[in-house]
Amino acid sequence: MDGSAGAIRLEWEQWFSEDAVGSERGVRASEIRTVQRALRRVRREIDRERADPAEAVRRRGSDEPLDYGFWDCPRRVLDSWQQPDGEIRRIALTAERLARLAERHIVLGIGGSYLGAKALFDALADPYHNELARESRHGRPRIYFEGNNVDAAQLAATLRAACADRGGFAAPFSANVISKSGATLETSVVYSVVRGALEAAERAAGVSVRDCFVATTGPTGILREAGDGPDGFSAFFDVPDEIGGRYSVFTAVGLMPMAMFAAGGMDEVYRLLEGARDMTDRAEGGVWDDNPAYQYAALQHIAHTKRKYTIRVMSPWTRRLESLGFWYDQLAAESLGKKETGATPLTMVGTRELHSRGQQHQEGRRDKIITNIIVESVPEDMPAPRIRGDKKMSDLLEGKTVHDMSLAAARGTNRAYREDGRPTMSIILPVLDAYTLGQLMQMLMIATVVEGKLLGVSPFGQPGVRVYKERMADELRR
Ligand code: PA5
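First, a word on what this report is: a plain description of the structure on this page. This is a predicted model, so every value here is computed, not measured. (Residues numbered from 1 in each chain as written. Predicted model: local features only at pLDDT ≥ 70, side-chain atom pairs only at ≥ 80, totals over all residues. Heavy atoms only, no water.)

### Description of the sheet that holds strand β9 (residues 368-375)
Step number 1: With respect to topology, 5 strands assemble into an open sheet ordered β1-β10-β9-β7-β8, the strand pairing being mixed. Looking at strand neighbours, the two that pair on one side only are β1 (9-11) and β8 (344-347), the edges of this open sheet. Here the strands of the sheet are splayed against their neighbours by 20° on average, with no regard to which way each runs.
Step number 2: Bridge analysis of strand β7 (residues 311-316) against β9 gives 6 bridges, and the strand direction is parallel. When the sheet's bridge partners are listed, Ser315 is paired in β9 with Asn372.
Step number 3: Across the face of the sheet, helix α15 (residues 322-336) comes into contact with β7, β8 and β9 while running at roughly 175° to β8.
Step number 4: Helix α19 (residues 434-455) rests against β7, β9 and β10 (424-429) of the sheet, and its axis sits at about 140° to β10. (Pairing = 2+ DSSP bridges. Helix = DSSP H or I, 4+ residues; strand = E, 2+ residues; numbered from the N terminus. Axes fitted to C-alpha atoms, helices over the stretch in contact; angles between N-to-C directions. Contact = heavy atoms within 4.5 Å.)

### Structural notes on the nonpolar core
Step number 1: By size, the foremost hydrophobic cluster in this structure holds 122 residues, and its most contacted members are Phe213, Tyr296, Leu324, Trp327 and Leu444.
Step number 2: The biggest single contributor to this core is α19, with 12 residues.
Step number 3: The contact partners of Phe213, leaving out residues within four places of it in the chain, are Phe173, Ala175, Val177, Tyr191, Val194, Arg195, Leu198, Phe233, Ser234 and Ala235. (Core = buried A, V, L, I, M, F, W, Y, C linked by side-chain atoms within 4.5 Å. Buried < 20%, exposed > 50% of the residue type's maximum accessible area, 1.4 Å probe, protein only.)

### Let's talk about the site of the ligand
Step number 1: Taken together, 14 residues form the shell around the ligand, and within it Ser113, Ser179, Ser181, Thr184 and Gln330 come nearest.
Step number 2: Here an oxygen atom of the ligand and a side-chain polar atom of Ser113 are 2.6 Å apart.
Step number 3: The side chain of Thr184 places a nitrogen or oxygen atom 2.5 Å from an oxygen atom of the ligand.
Step number 4: A total of 380 Å² of accessible area belongs to the ligand in isolation, and the protein chains cover 90% of it.
Step number 5: Grouping the constituent residues of the shell around the ligand by class yields 1 nonpolar, 9 polar and 4 charged. (Near = heavy atom within 4 Å. Polar contact = N/O pair within 3.5 Å; in protein donor to acceptor, adjacent residues only side chain to side chain. Areas by Shrake-Rupley, 256 points an atom, 1.4 Å probe, with all protein chains shown as cover. Nonpolar A, V, L, I, M, F, W, Y, C, P; charged D, E, K, R; others polar.)

### Digging into helix α3 (residues 29-51)
Step number 1: The end-to-end C-alpha distance of α3, which contains 23 residues, comes to 33 Å, matching closely the 33 Å that a straight helix rising 1.5 Å per residue would cover.
Step number 2: For α3, the full list of buried residues reads Glu31, Ile32, Val35, Gln36, Ala38, Leu39, Val42, Arg43, Ile46 and Glu49. (Expected span 1.5 Å × (residues − 1).)

Okay, here's the thing in structure tokens:
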């Protein structure tokens, strides 16, 4: 579907090929032929593992999970859209109920149970969502993210804001506790504090605290066991066993928070999933042409293993995609940072970071590959102004818009890097909306799995994260 309305694309040849930056630093035609053969092998391996994950785990003789559930998740959710008692219907009804119940909604979670929802919120909601009047928020509550740290001062401030007043609503806030395991310390601590605060505030008011809390969790664990009694939750949403945290954005982990803030309601959620599904279809076509997920994986693999670009910079040219960058940081770091390999992911926003890191990128160590995310067209643009007291600059901007300036900055920066033999690539979004974001997130998840296969590491599981949790518990026992 490349070229069809709204399809995202990867632009690399003019920035990263040997013709662009020379054969020492760019990708050679011979390397593309070699990697295409490797991609065909990876495709066969992925198809085999997806068809029978249990058999694949047995053959490998390892207890690392094979969490391929994310791959077909958008298709599955779209197929079940009309089911009267399906999860999507429950998400829609619960979101409406919670929006009527309270003016504020707190999303509690960390890592894969947080970053996807935050990326969706920052990319799709009005940047000043929480400050808008309720009608301008399309009746959606103000949204807060907590439970992603142990930061007492921050938590105290959130509680003050959340419990400040009920603004004519039955309760001061509602909350969604997201934790696949139900056992993550940060989320558990903050959940207990927040629930305690609401219980104290509501003792007199007579609102059922249970009505204010929903949980998004795995099939077992403490949250699930709390049940739907007075000390439990008014609704449960599932994190399927076969989907790992950082791959879970198209489950209730991302969709329930989105239903709480989306101005376009469930139609917007549908578009997100359609984007993801369409990207999956492209990823299942040929391994190279019209397959940005496989191409991106292969190019990053060459950058890392053949050119020793050990730092991978994701550079959106809009602040709205900064959290998407942080989401990808986790996806790449936890999936590929194993066996003493895997590039170090990093997010920077253009043009902002050009004024902080730009010098290092242009003339510092040749250890990085930059991937831009460029949005071609924006819904609200404005003519570039005349600059008071600066005729030269005003002449330069004549006839341009502010968005033209952003596009010129991105292109100009890439040219400057290329002139010094520094490669880049760009993911181009025709617009930034739910449909293109769905494509982008599914592209990066599929690419991460493909890259793990090329690199020889399991893209699922995060054994290293367990170690810090154990040592932290040791410290608390002292
Ligand atoms: O990607 C992952 O699996 C992790 O980042 C988890 O999402 C994170 O540790 C939180 O775990 P949980 O959802 O069990 O609270």
